[in-house]
Every structure is written in C-alpha cells, then in structure tokens.
Amino acid sequence: VKEVAQAMVDLGHRVDIVTRRIRDANWPEFADDQEFFPDYKENLRILRFPCGGDGFLEKEKLWPHMPAFIDAMLEFYGEVLPDFATGHYADGGYCAVLTKSKTGIPFTFTGHSLGAQKLEKLGTNTANWTEMEAQYCFSRRIAAERMSMASAARIIVSTGQEQKEQYAHKLYTGAVDAFDDQHFSITPPGVNQRIFAFEATQLDERVSAALDARFGMDKGPCTVVSSRLDEKKNILGVVKAYAENSALKQRAALVLCVRGIDKPETDIVKLPSAEQKVLREILDVIYEGAMHDRLHFLNIGSQLELAATYRYFARRGSVFALTSFYEPFGLAPIEAAATGLAPVVTQNGGPSEIFEDGSGVLVDPFSTEHIAEGLLDGLTRHTTLAAAAIKRVRETYTWRQTAERYLSAIDDIVCSDGPREPISLSGQLDETARIQNFIRTLEKS
C-alpha cells in the first residue's frame with residue numbers, strides 16, 4: 001500500500017492511507033493521529049482514527065467497530081471528500097462499502113487473499129465449525145468480501161489465474177462473475193527498485209565480506225531460498241530434491257534464508273509450533289542425506305541486507321527457488337530476479353504468468369525429481385535466464401507500473417460513473433447459513 005501510494009504521488013496525485021489509531025504501549029508507532037512522509041510533504045499522509053478503544057485488536061475482533069471507524073473518518077473530511085477509495089483485504093473492502101453507502105464515493109477492491117480459500121485450507125468442517133468461526137470469523141469475513149465484490153467499481157487482482165480461480169469459488173456466487181473481465185483489473189504488485197536492483201550499493205561490500213568469511217574457499221553457485229517456514233511454501237521439497245540428486249548436490253550448495261535462524265538446532269525453540277514442525281522435517285532430511293556441508297542457514301535482518309545477499313549469490317551464477325504448492329502471485333521471485341538471480345519457481349499460480357515469457361524455470365512442486373531438474377536447468381542457463389528476468393521485471397513489475405494500472409482503472413471509473421449516489425446496504429454482515437450449507441455439500445461430495 002505504501003509503495004503504490006508513493007508511486008501515485010510521484011505521478012501527480014494526493015493520497016491518504018487511512019487506518020486505525022492504536023494507543024498501546026506495545027505499539028507506539030501507531031499512536032499519532034497523522035503521520036507524514038518526509039519526501040512527500042502533505043501529498044501523502046497516514047490518517048489514523050480511533051475505534052474499539054485504544055488497545056491493539058486482532059483483525060477478527062475489529063468487525064463491530066468498523067462503522068464507528070468510518071464515521072470518524074468522514075467527520076474528519078467533512079464536505080471535502082476524496083475522489084476515490086481503494087479497499088484492501090476484507091476489512092478494508094467493507095470500510096469502502098460503508099463509505100460508499102454514506103457518500104457514494106466509488107472504490108476498487110483488492111482482496112489479496114480470500115476467506116473462502118482459507119476456510120478450505122484450514123480444513124473447516126461441520127465438526128469444527130463453531131471453533132473455526134470463533135477464531136477466524138468466517139461468516140463476517142466472507143460477507144464483507146461478497147459486499148466488497150458486488151459494490152466495487154473494479155476488483156484488482158495480481159493475475160488472471162487469481163481472478164478466474166479464487167473469485168470463482170462457490171461461496172462468492174451471486175456476488176461476482178469471475179469471468180466478467182470488465183469488472184476486474186489485472187494489476188500485479190511491483191519491486192521496490194530502490195532496494196532490489198542489479199546495481200551494488202555501499203552495503204554490498206560489507207555483506208560480501210561477511211559471506212566470503214562464512215563460505216571460505218567455496219565460490220561456486222548456490223540455490224537460494226528465502227521464505228518463512230510455512231508448510232505450503234514447500235522448502236522441504238527443495239531440500240529433498242538435493243538429498244535425492246547427487247549431481248545437484250555437487251553442482252551447487254543450498255542456502256536457506258530464514259529470519260531469526262542462525263543455528264537451527266538451537267534456534268528452533270524460538271519458533272511457533274507450526275514453524276518448528278517444518279524445520280524439524282527439514283533437519284531430518286539434512287541428517288539422513290548427510291547434507292551438512294552443502295546446506296547453510298542465513299539469518300538476514302532487513303530487505304537491504306537481503307538484496308545485497310541476493311546480489312552476492314547472483315555474481316556466483318546462482319538461482320532463486322520458490323517451490324510453493326500454490327503461490328497466488330510471487331513477489332519474492334521478482335525481487336530476487338531484479339538482483340540477477342535466475343528464478344526457478346512453482347508452476348502452480350502466479351509465477352506461471354510472471355515468467356510465461358521463458359525468463360524463469362517452472363517446476364512441479366509435488367515432484368522432487370522435477371524440482372531437481374529445474375534447479376540444474378536454471379544453474380546451467382543462469383546467464384541467459386538472469387538477463388531475461390531482469391528485463392522482465394523492469395518492463396512489467398515496478399511499483400510505478402502498478403500505480404499506473406490503478407490510476408488507469410480509477411480514471412475510467414471516475415469519467416464513466418456519472419454523479420455519486422450512496423448505495424443501500426441490503427445484506428447483513430453474516431454468511432453463516434451459506435457457509436454451513438457449502439461445508440455440508442462439500443462433505444457429501
């Protein structure tokens with residue numbers, strides 16, 4: 001949101017980022033009513049409005065307080081209202097719906113991830129419904145998403161696959177037609193070129209010296225993985241591919257960049273239980289495959305340091321691997337590609353569109369053999385792939401281009417929608433019956 005906002009201001013617009021004010025000792029950075037970005041003066045500000053008390057609240061507990069939040073926002077603006085709004089995620093979309101119901105201000109909805117898919121991935125069923133609903137408020141989230149989809153002037157998606165798969169879910173039937181291309185705008189996110197670039201910075205020398213000391217005389221190529229320890233990211237698939245393929249093991253070392261992990265055997269206790277499970281499985285494969293000398297963990301504390309690390313390995317002819325079982329978009333591989341790493345990525349989801357021009361290697365994440373073949377291919381063709389991937393990112397995936405796509409959709413809407421008219425809120429913020437019926441149908445089938 002910040003990157004798009006900054007790019008919009010660079011293109012001549014004024015932008016407010018509107019969020020909740022928190023006055024909590026544990027969250028001091030969210031206490032001010034207004035905050036400005038030094039380089040943008042009053043053209044870009046963060047506005048924070050109180051609702052639901054001062055303390056931090058989990059997002060699932062915010063739903064009852066959103067009408068008060070919008071009332072506070074509209075009182076601040078008075079008669080000088082913004083021309084347009086963009087709602088992000090289910091709660092932001094719902095706030096945009098509430099705003100439109102009172103003022104007629106049109107909006108775009110960027111769902112990012114949708115509740116229906118989360119409901120299924122977490123294994124929600126009739127037996128655990130009460131517990132899952134209490135924790136995740138699926139009935140309210142999906143209701144908010146349906147209202148946002150139906151009321152938005154345009155829905156912003158990162159890829160065509162996201163549009164036609166996620167928004168076609170049965171829980172959104174009647175709220176949106178996933179195949180109505182006029183209602184959607186494919187607007188992928190971009191790379192922060194101030195950080196993720198091919199050109200070295202002053203930090204690179206220090207990072208290179210530290211990594212040279214770490215890797216000693218081994219100056220060969222590596223496979224770089226940078227991801228949180230989430231089972232669906234399938235880091236384990238890459239580790240198994242190495243354990244099973246001696247040619248790959250000899251050709252390149254494997255580097256796992258995991259924040260907070262220097263020594264996995266001892267640092268594992270710092271992690272949440274779900275991440276501990278993933279790391280234990282990885283460590284088991286390392287022990288069984290005798291891979292200690294070919295696998296390294298790096299604890300990287302900032303994006304600037306990560307970008308410098310990417311450039312270090314790019315100079316050694318390395319690849320970047322993201323083998324998620326499914327990846328809605330895939331910002332990490334385009335960040336890595338911008339620095340000169342050759343991308344080897346999952347064929348399931350957004351990366352298949354990002355690298356459809358052949359600037360990356362697509363692999364089947366469910367086949368460790370195919371992952372190994374893809375990594376060897378990427379290492380062999382590093383120079384060609386890296387050059388093509390850098391060109392692809394610069395031409396297609398920058399925040400300026402993201403902002404231009406948002407603004408193009410906004411211009412079309414503002415010019416064609418006519419006078420603003422408040423809308424009626426006919427639906428209630430509860431989809432319990434619809435969800436329970438869907439779950440029962442799913443269980444029967």
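The structure we're discussing is the one just above.
The structure reproduced in this document is the subject of the present report. (Residues numbered from 1 in each chain as written. Predicted model: local features only at pLDDT ≥ 70, side-chain atom pairs only at ≥ 80, totals over all residues. Heavy atoms only, no water.)

1. Remarks on unusual backbone geometry
The backbone phi angle of tyrosine 89 is positive, close to 65°, even though this residue is not glycine. Of note, tyrosine 89 is situated in helix H3 (residues 89–103). Of note, the phi angle at alanine 290 is positive, near 50°, even though the residue is not glycine. With respect to the helices and strands, the residue alanine 290 is situated in the loop between helix H12 (273–288) and strand S10 (295–298). (Helix = DSSP H or I, 4+ residues; strand = E, 2+ residues; numbered from the N terminus.)

2. A short note on the sheet that holds strand S1 (residues 15–20)
Across the sheet, three strands lie side by side as S1-S3-S2; this open sheet has mixed pairing. Unpaired on one side and paired on the other, S1 and strand S2 (34–37) mark the two borders of the sheet. Across this sheet, the average inter-strand angle for adjacent strands is 25°, counted without regard to direction. Bridge analysis of S2 against strand S3 (residues 41–49) gives four bridges, and the strand direction is antiparallel. Bridge pairing in S3 places phenylalanine 36 opposite arginine 45. The strands that helix H1 (residues 2–10) touches are S1, S2 and S3; relative to S1, the one it contacts most, it runs at about 155°. Helix H2 (residues 66–77) contacts S1, S2 and S3 of the sheet and is inclined by roughly 145° relative to S3. (Pairing = 2+ DSSP bridges. Axes fitted to C-alpha atoms, helices over the stretch in contact; angles between N-to-C directions. Contact = heavy atoms within 4.5 Å.)

3. Describing the nonpolar core
Among the nonpolar cores identified, the biggest contains 45 residues, and Trp63, Tyr94, Leu119, Met149, Ile155, Tyr167 and Ile435 are the most heavily contacted of them. Every residue in contact with isoleucine 155, bar those within four places of it in the chain, is listed here: Phe109, Met149, Tyr167, Val176, His183, Phe184 and Ser185. In this structure, Leu236, Tyr242, Ala372 and Leu385 belong to the second largest nonpolar core, which totals 36 residues. (Core = buried A, V, L, I, M, F, W, Y, C linked by side-chain atoms within 4.5 Å. Buried < 20%, exposed > 50% of the residue type's maximum accessible area, 1.4 Å probe, protein only.)

4. Here we look at the side chain of glutamate 327
In this fold, glutamate 327 is placed in the loop between strand S11 (319–322) and helix H14 (331–339). We classify glutamate 327 as buried; its relative accessible area is 9%. Here glutamate 327 is in contact with Lys233, Leu322, Thr346, Asn348, Gly349, Gly350 and Pro351, once residues within four sequence places are set aside.

5. Description of the pairing of S3
Here six bridges tie S1 to S3, and the two strands are oriented parallel to one another. Looking across to S3, one finds that valine 15 is bridged to leucine 44. In textbook terms, the turn of a hairpin is the stretch between consecutive antiparallel strands, and for S2 and S3 this stretch comprises three residues.

6. With respect to the sheet that holds strand S6 (residues 154–157)
Across the sheet, which stays open at both edges, the four strands sit in the order S4-S5-S6-S7 with parallel pairing between neighbours. The open sheet terminates on both sides in strands that have one partner only, identified here as strand S4 (85–88) and strand S7 (184–186). Taken over all neighbouring pairs, the strand axes of this sheet differ in orientation by 25° on average, direction set aside. Pairing of strand S5 (residues 107–110) with S6 involves three bridges; the strand directions are parallel. For phenylalanine 109, the partnering residue across the bridge sits in S6 and is isoleucine 155. Contacts from H3 reach S4 and S5, with the element oriented near 145° to S4. Along the sheet, helix H6 (residues 138–151) makes contact with S5 and S6, crossing S5 at roughly 135°.

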